[in-house]
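Fold and geometry: a report
The residues making up each chain are set out below.
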Amino acid sequence: CIFVNIKKRQFMNWETYVKEFDTILKSENPSSPYDDADYLDYTKLNNARLKRWLKTAVLSDETKSTLDAIKEPQEWVLITEPWCGDAAHIAPIVYLMSNLNNHIKLTIQLRDTNSEIDKYLTNGGKSIPILIVRDKSGKDIFHWGPRPKNAQELFNALKEKNASFEEQKEAVQVFYNNEKAESIQNVVVAKIRE
């Protein structure tokens, strides 16, 4: 997801992030970019997707055992936005994984509110979501994003074929639905084990 808009710094926990969707969707005069009907529609869809993943996602035994083995405090920082389609699928899985171990603290940064995104650009762009995992001293262990490699390859192939934005969105949505969050878990597990 690549859009630009900078406001004041805002970091939050998961519960506050989820409430952010309701605040946006219930506002009679939403602030930018949600005053644009497309952004508002993306946010409404993403809210439903996020809630569905929270109810239906299954974390693998490998994910559970890898995260259970973490014995030192870690901070997981997720840079995201409610309008981001990839984040609607990735953020809830990151949240569920972070809940597997009390040593993990998840913090959400909204990309467009003076987040740390400039340190974690993707090919020069502010693509999200980005997951940053830090040790107890605040040093980065790794960062990852904005989407799993196989989803990125699908996206790149569609762009090369000049597929419309709607076709791209639909294909990536089908990808996430079909693979049931396996690639998200696999990449995080692999990076934790490095």
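Notes on the structure in this doc start here. (Residues numbered from 1 in each chain as written. Predicted model: local features only at pLDDT ≥ 70, side-chain atom pairs only at ≥ 80, totals over all residues. Heavy atoms only, no water.)

1. Concerning the sheet that holds strand 3 (residues 104-110)
Counted only if it meets this: Whether two strands pair comes down to DSSP finding at least two bridges between them. In this text, helices come from DSSP runs of H or I with a minimum length of four residues, and strands from runs of E with a minimum of two, each type numbered from the N-terminal end. Contact between two residues is taken to exist if any of their heavy atoms lie within 4.5 Å; hydrogens are not considered. What counts as an axis is a line fitted to C-alpha atoms, over the stretch in contact for a helix, and the angles between N-to-C directions run from 0 to 180 degrees.
In spatial order, the strands read 1-3-2-4-5; together these five strands make up an open sheet with mixed pairing. Single-partner strands in this sheet number two, and they are strand 1 (11-12) and strand 5 (140-144). Where strand 2 (residues 74-80) lies against strand 4 (residues 130-134), five bridges are found, and the strand directions are antiparallel. Following the sheet pairing, Ile 79 is matched in strand 4 by Ile 130. Its contacts with the sheet put helix 7 (residues 182-193) on strand 2, strand 4 and strand 5, and the angle it makes with strand 5 is roughly 155°.

2. Topic: the packing of helix 1 (residues 14-26) against helix 4 (residues 85-98)
For the record, the criterion: Geometric relationships in this document are graded by angle, where less than 35 degrees denotes roughly parallel, more than 145 denotes roughly antiparallel, 65 to 115 denotes roughly perpendicular, and other angles denote oblique. Helix crossings fall into two classes, left-handed where the near helix is turned counterclockwise from the far one by less than a right angle and right-handed where it is turned clockwise. Each residue receives one of three labels: charged for Asp, Glu, Lys and Arg, nonpolar for Ala, Val, Leu, Ile, Met, Phe, Trp, Tyr, Cys and Pro, and polar for the others, Gly being one of them.
Closest axis-to-axis distance for the helix 1/helix 4 pair is 12 Å, and the angle between their directions is 155°. With respect to their mutual orientation, helix 1 and helix 4 come out roughly antiparallel. With respect to the hand of their crossing, helix 1 and helix 4 are arranged in left-handed fashion. Across from Trp 14, Glu 15 and Tyr 17 in helix 1, the residues of helix 4 making contact are Ala 91, Pro 92 and Tyr 95. Each residue belonging to the contact of helix 1 with helix 4 can be placed in one class, and the counts come to five nonpolar, no polar and one charged.

3. Remarks on the packing of helix 2 (residues 37-56) against helix 6 (residues 165-179)
At a minimum axis distance of 13 Å, the contact between helix 2 and helix 6 shows a crossing angle of 10°. Taken as axis vectors, helix 2 and helix 6 run roughly parallel relative to one another. Along the contact surface, helix 2 presents Tyr 42, Arg 49, Arg 52 and Trp 53, while helix 6 presents Phe 165, Lys 169, Gln 173, Tyr 176 and Asn 177. Residue classes in the contact of helix 2 with helix 6 are distributed as four nonpolar, two polar and three charged.

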